[in-house]
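# Examination of the molecular architecture
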Amino acid sequence: MSSQISPHVRVRFAPSPTGYLHVGGARTALYNYLFAKKNGGEFILRIEDTDEARSTEESLRGVVDDLVWLNLLWAEGVDPVTLKDQGPNGPYKQSERMHIYKKIAEQLLNEGKAYYCFLTDAEIEQQREAQMKAGQQPHVQSPYADWTLDQAKAKMAEGGTAPVIRFKTKHLKKDYVLNDLVRGEVKFPSDMVGDFVLLRGGGMPVYNFCCVIDDHLMKMTHVFRAEEHLPNTLRQMMIYEAMGWQTPQFGHMALILDEDRQKLSKRKGAVACGQLKDEGYLPSAVLNFIALLGWSHPDGKEIMSVDDMIKAFDISRLNPSGAIFDRVKFKWMNSQHLRALPNTELWKAIQPFLAREKMELPSDPVWQDKSLNLFKPYMEILSDAIELYRPLNDNSYVILPEADEAMKWEATKAVLTAWKELVAAHPSDYMTEEEFLKIQDEVKNKTGAKGKNLFMPIRVAVIGKPHGAELKILVPLMKKSSLVARAEKALATIA
RNA sequence: GUUCCCAUCGUCUAGGGGCCUAGGACACCUCCCUUUCACGGAGGAUACAGGGGUUCAAAUCCCCUUGGGAACGCCA
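Residues numbered from 1 in each chain as written. Chains lettered and ligands numbered in written order. Predicted model: local features only at pLDDT ≥ 70, side-chain atom pairs only at ≥ 80, totals over all residues. Heavy atoms only, no water.

## Quick word on the protein's contact with RNA strand B
In the vicinity of RNA strand B lie 65 residues, with Thr-50, Arg-183, Arg-200, Tyr-378 and His-467 positioned nearest. Taking all atoms of RNA strand B within 4 Å of the protein, the share assigned to sugar and phosphate is 73%. In this structure, a phosphate oxygen belonging to RNA strand B sits 3.3 Å away from a side-chain N or O atom of Arg-128. Separating a base oxygen of RNA strand B from a backbone N or O atom of Glu-470 is a distance of 3.5 Å. Counting residues per element, the ones that place at least two in the surface near RNA strand B are α4 (121–133), β6 (164–167), β8 (184–189), α7 (230–243), β13 (323–324), α11 (327–340) and α18 (452–463). Counting residues per element, the surface near RNA strand B draws most heavily on α11, at 5 residues. A class-by-class count of the residues in the surface near RNA strand B yields 25 nonpolar, 19 polar and 21 charged. (Near = heavy atom within 4 Å. Polar contact = N/O pair within 3.5 Å; in protein donor to acceptor, adjacent residues only side chain to side chain. Helix = DSSP H or I, 4+ residues; strand = E, 2+ residues; numbered from the N terminus. Nonpolar A, V, L, I, M, F, W, Y, C, P; charged D, E, K, R; others polar.)

Following this line, the structure appears as structure tokens:
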């Protein structure tokens with residue numbers, strides 16, 4: 001497990017714009033980013049859009065926006081605003097690098113390291129079934145592997161469906177050894193893979209081919225990616241070898257799994273970064289949480305900023321076993337980040353959520369600050385602000401079923417009546433904490449109710465439920481007129 | 001099916017031969033704080049998958065078994 005670091009570290013994140021950024025991808029991006037920052041290197045964004053059918057501009061936009069949201073910014077790649085190429089080693093969109101791939105495919109063809117293959121899908125499927133039945137790993141056995149270029153060209157001249165170009169694995173050495181940065185020595189038998197496609201029938205190159213060429217041409221020194229790419233790495237090592245290029249150092253991180261221990265899949269759609277944002281997670285919490293899914297701080301520190309992570313990041317602490325994405329702990333972690341935020345920033349952060357519910361709250365910064373001090377301990381995710389602030393928003397007072405019991409108590413009616421009258425008689429729009437306590441005391445004297453018999457009905461008359469934030473702080477945040485209206489409404493339900 | 005990868009509390013993990021009667025965090029339970037609920041604080045319960053080696057000594061190294069995962073594409 002060598003961790004030799006070459007003088008100038010260059011790493012990349014290479015998403016395919018075929019969906020949204022999911023947490024697995026975000027973590028890959030994060031580790032690459034941390035590694036680059038830790039070593040004073042460069043983090044590059046490359047767009048792997050060779051799947052014409054599934055790649056969309058909209059998806060690229062989404063992925064880029066998500067990376068920007070996470071503040072995982074790149075030195076080269078596409079401009080985050082215009083999505084145009086940016087940097088000295090471009091183009092960074094593979095769809096714009098066709099001429100490069102074609103040239104190299106031709107070179108391999110001429111050197112006899114690749115060949116035109118005319119096998120049809122049906123023939124391949126047949127082989128596959130037969131091999132599976134025989135207990136073998138299904139690999140293409142192409143009868144065209146040993147054809148000369150002239151033979152192939154003659155067949156192409158006849159017309160028919162365009163052939164693919166396959167990489168010839170037959171004459172390669174028996175075993176390949178990968179010194180993986182996270183899992184140590186991995187031995188691959190070369191017959192683990194068959195003759196794989198380099199260029200599709202339409203001339204479009206395929207992932208493994210582009211990846212090697214681009215990593216080499218873009219001077220990548222390290223490649224950190226998910227474990228599912230391990231077999232691809234064998235294919236890629238073969239191409240590096242065929243081209244006489246030096247491989248970058250590879251590190252394959254374990255997968256992030258669903259609760260059912262299966263690979264987190266974007267097809268399941270439950271773990272898109274955009275969705276996390278909508279649910280009210282802070283980017284700093286997302287980063288913090290996913291960082292700890294496969295990596296740990298040497299001091300066991302759990303709550304950290306990206307700067308903390310950069311300082312402590314060390315690939316020797318990357319864990320080779322898979323991790324389940326635990327939403328409960330994730331939520332807790334978000335609450336920790338949220339509480340660390342200054343009130344002014346938190347206020348800004350919750351605005352989109354309050355706006356979503358068309359809530360209008362006082363613009364007084366002192367009021368905002370006080371309300372946040374009160375509600376912060378109740379918030380785990382930003383969207384929690386909605387239900388927290390709703391009671392402070394006029395016209396949204398409802399008595400919840402959980403309040404029923406308190407509303408049935410003997411003293412309740414008297415308490416509510418006294419409360420309503422005393423609040424109505426209050427001289428100003430808002431009351432102070434002291435004034436509230438005084439009124440509460442007067443209600444007690446007037447009705448003889450005490451303890452929860454006193455406290456609960458008032459609480460229900462304020463927020464419609466028997467539990468919640470401290471009344472002496474909550475009440476001063478509410479307008480007198482609103483308090484009176486609520487008390488009346490509460491009274492009406494028991495009358 | 002074949003190949004590859006992985007294996008410590010329910011979950012994320014620390015540990016890398018003696019410091020381990022295995023540490024931390026989330027969740028859970030109890031108590032404290034609190035005229036409610038949260039927050040906060042103090043405790044508690046819970047794990048080295050199994051079997052063989054190697055060694056004076058194994059959670060740690062090796063092998064096997066078992067379990068889980070991934071890959072086997074003209075997806076990336």
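## A look at the packing of aromatic side chains
By the definition in use, this model includes 17 aromatic pairs. Residues Tyr-144 and Trp-147 carry aromatic rings whose centres are separated by 5.0 Å and whose planes lie at 80 degrees to one another, so their mutual orientation is edge-to-face. The class of Tyr-144 is buried, set by a relative accessible area of 13%. Residue Trp-147 is classed as partly exposed on the basis of its relative accessible area, which comes to 30%. (Phe/Tyr/Trp six-rings, centres within 6.5 Å; stacked < 30°, edge-to-face > 60°. Buried < 20%, exposed > 50% of the residue type's maximum accessible area, 1.4 Å probe, protein only.)

## Quick look at unusual backbone geometry
Among all residues except glycine, the phi angle is most often negative; among peptide bonds, the trans geometry is most common. A cis amide bond links Gly-90 with the next residue in sequence, Pro-91, at an omega value of -5 degrees. Looking at the secondary structure, you find Pro-91 in the loop between β4 (85–86) and α3 (98–110). For Leu-83, which is not a glycine, the phi torsion comes out positive at approximately 65 degrees. Mapped onto the secondary structure, Leu-83 falls in the loop between β3 (77–78) and β4. Positive phi values are uncommon outside glycine, yet Lys-219 reaches one of about 60 degrees. Looking at where Lys-219 falls in the secondary structure, it is placed in the loop between α6 (207–217) and β10 (222–226).

## Considerations on helix α20 (residues 480–494)
Here α20 spans 22 Å end to end across 15 residues, near enough to the 21 Å set by a 1.5 Å rise per residue. Taken together, the buried residues of α20 touch α15 (404–408), α16 (412–424) and α18. (Expected span 1.5 Å × (residues − 1). Contact = heavy atoms within 4.5 Å.)

## As for the packing of α16 against helix α17 (residues 433–447)
In the contact formed by α16 and α17, the axes pass within 9 Å of each other and the chain directions differ by 135 degrees. Compared by their axis directions, α16 and α17 come out oblique. Every pair of crossing elements has a handedness; the one defined by α16 and α17 is right-handed. Residue-level contacts link Ala-414, Val-415, Ala-418, Trp-419, Glu-421, Leu-422 and Val-423 of α16 to Phe-436, Ile-439, Glu-442, Val-443, Lys-446 and Thr-447 of α17. Looking at the contact of α16 with α17 residue by residue, the class counts come to 9 nonpolar, 1 polar and 3 charged. (Axes fitted to C-alpha atoms, helices over the stretch in contact; angles between N-to-C directions. Parallel < 35°, antiparallel > 145°, perpendicular 65-115°, else oblique. Left-handed = near helix turned anticlockwise from the far one by under 90°.)

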